[in-house]
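Next come the chains, spelled out residue by residue.
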Amino acid sequence: MAKLITVGNQKGGVGKTTLACHLAFAAHEAGRSVLLVDFDTQGNASQFLSQNMKITKNAGGSELLFGGEELIFGQTPHSNIKLLHGHKRLQALDVRNNEVLEMAIAKRREMRKLPFDYVIFDTPANLGPRLASPLFWSDIAILAIKPSLSSMVGLEDMFETIGNAKKRNPILDIRFVINMMNRSSGTQKKECEALHQKFGKNIIGEFSLRQHVADALDNFKPVWNYTKDAKLKREWKEFTARALAVSE
Ligand SMILES: Nc1ncnc2c1ncn2[C@@H]1O[C@H](COP(=O)(O)OP(=O)(O)OP(=O)(O)O)[C@@H](O)[C@H]1O
Ligand SMILES: [Mg+2]
């Protein structure tokens, strides 16, 4: 059976897409098959994985999960990674909120039988049905968090959405990744300590702001195949190993 992982947080720009792409690369390199479902209208994960910047112009991506048509998985240059891509017209799903949520609940069993080792969902920065649906299906939700007051306050809304998803999907487990830390900031250090107090061992990754991370994806690579910094490589590999194992 597939293992389903939702990467989320309604806060924008915290690293959801970066984490989702690295999970897909790691599973691919481990010889496992991956479907990346991109529920974001920006479609950045689809672009990084397909190396096709124009992919977001076409419909026929992740919205197919809520239509009657046959699923056609998009190809990528990586033999083990397939896509249901993100594109601008996904916003139409938000308008059909209740209908989409009902379909999502009804589709749980089918989603968990998709013919892949991993299904990874990259989700948009809002609490609508494109985040709620994969939470009904997933084994784990990985929440990307920035150590800042606004990011931490926003988590409360996210927990409410997760609480609702758990009523239908009791197996859903939550893990956290602290991202974009600035180690020279005393304020951020305190915020990180507070996160560690609160979430303890459920924090499975902790990353500083490093340009090599952003540059790697711009070169269509995971950071461990881009940087020469051994520590940076190791940190990202260890995170993906933990995340992919957590649902086993
Ligand atoms: N650890 C990091 N170090 C440096 N840059 C990073 C790091 N993590 C993410 N970034 C960069 O920060 C920006 C936002 O990251 P990303 O797109 O992954 O966030 P997101 O949560 O998916 O955003 P959105 O809410 O818009 O979907 C990107 O340019 C990305 O390359
Ligand atoms: Mg994103």
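Residues numbered from 1 in each chain as written. Chains lettered and ligands numbered in written order. Predicted model: local features only at pLDDT ≥ 70, side-chain atom pairs only at ≥ 80, totals over all residues. Heavy atoms only, no water.

- As annotated in an unreviewed UniProt entry, the protein chain is ParA family protein from Undibacterium arcticum.

### Remarks on the nonpolar core
Piece 1. Core analysis: the largest hydrophobic core is formed by 40 residues, its most contacted members being Val 37, Leu 65, Phe 66, Val 119, Phe 121, Trp 137 and Leu 143.
Piece 2. Counting residues per element, the ones that place at least two in this core are strand E2 (34-38), helix H4 (97-106), strand E4 (118-122), helix H6 (129-137), strand E5 (140-145), helix H7 (149-168), strand E6 (173-181) and helix H8 (186-199).
Piece 3. The element that contributes the greatest number of residues to this core is H6, accounting for 5 residues.
Piece 4. Excluding residues that lie within four positions of it along the chain, Phe 66 makes contacts with Phe 39, Leu 93, Arg 96, Val 100, Met 103, Ala 104, Ser 133 and Trp 137.
Piece 5. If you look at the next biggest cluster of nonpolar residues, it comprises 37 residues, including Leu 19, Ala 45, Ile 120 and Leu 232. (Core = buried A, V, L, I, M, F, W, Y, C linked by side-chain atoms within 4.5 Å. Buried < 20%, exposed > 50% of the residue type's maximum accessible area, 1.4 Å probe, protein only. Helix = DSSP H or I, 4+ residues; strand = E, 2+ residues; numbered from the N terminus. Contact = heavy atoms within 4.5 Å.)

### Side note on the site of ligand 1
Piece 1. Among the 17 residues in the neighbourhood of ligand 1, the closest are listed as Lys 16, Thr 17, Thr 18, Asn 179 and Arg 210.
Piece 2. Asp 40 has a polar side-chain atom sitting 3.2 Å from an oxygen atom of ligand 1.
Piece 3. The backbone of Ser 208 places a nitrogen or oxygen atom 3.1 Å from a nitrogen atom of ligand 1.
Piece 4. Coverage of ligand 1 by the protein chains reaches 79% of its 630 Å² of free accessible surface.
Piece 5. Sorting the residues of the shell around ligand 1 by element identifies helix H1 (16-29), E6 and helix H9 (211-218) as the ones contributing at least two each.
Piece 6. No other element matches H1, which puts 3 residues into the shell around ligand 1. (Near = heavy atom within 4 Å. Polar contact = N/O pair within 3.5 Å; in protein donor to acceptor, adjacent residues only side chain to side chain. Areas by Shrake-Rupley, 256 points an atom, 1.4 Å probe, with all protein chains shown as cover.)

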